[in-house]
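The chain contents come next:
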Amino acid sequence: MTQIDATTIWFIIIGLAIGSFALRFAFIGFVGDRPMPPWLLRHLRYTAVAILPALIAPLVVWPSATEGQPDVARMAAAAVTLAVGLITKNVLAAIFTGAGTLYGLLYLLG
């Protein structure tokens, strides 16, 4: 494994902190006291819906627990979560059912 110099690490940390601050300030500092345009509000409505699948999809398709090989338990849990979410329109029900499916199948399949 290659080691990274401490200066490089601090440069990256400070750069990410500045970038994160700039991104937040763009909305809070520049636009915070004015109403946002309707087209922007329409697009921001879908941000929360896009974040959870974007975080979960790599863990389903290339799980590190199986060294990147897809497995039945994770694919089935993702399918159950999607189905329950679409049918019930309840996020918590979808999350808990998917988690229960994942852990149940991992237990049954070994």
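From a predicted model like this one, the values you see are computed outputs, not experimental measurements. (Residues numbered from 1 in each chain as written. Predicted model: local features only at pLDDT ≥ 70, side-chain atom pairs only at ≥ 80, totals over all residues. Heavy atoms only, no water.)

**Things to note about unusual backbone geometry**
The phi dihedral of E67 is positive, around 55 degrees, even though this residue is not glycine. With respect to the helices, strands and loops of the structure, E67 is situated in the loop between α3 (47-61) and α4 (72-88). A relative accessible area of 74% places E67 in the exposed class. Its identity as a non-glycine residue notwithstanding, K89 has a phi of 60 degrees, on the positive side. (Helix = DSSP H or I, 4+ residues; strand = E, 2+ residues; numbered from the N terminus. Buried < 20%, exposed > 50% of the residue type's maximum accessible area, 1.4 Å probe, protein only.)

**What to know about the packing of aromatic side chains**
All told, the structure shown has one aromatic pair when counted by the stated rule. Ring geometry for F21 against F25: centres 5.8 Å apart, planes inclined by 20 degrees, an arrangement best described as stacked. Highlighted residues: F21 and F25, both in helix α1 (residues 6-31), separated by four residues, approximately one helical turn. The exposure class assigned to F21 is exposed, which follows from its relative accessible area of 56%. Accessibility expressed as a relative area gives 37% for F25, which makes it partly exposed. (Phe/Tyr/Trp six-rings, centres within 6.5 Å; stacked < 30°, edge-to-face > 60°.)

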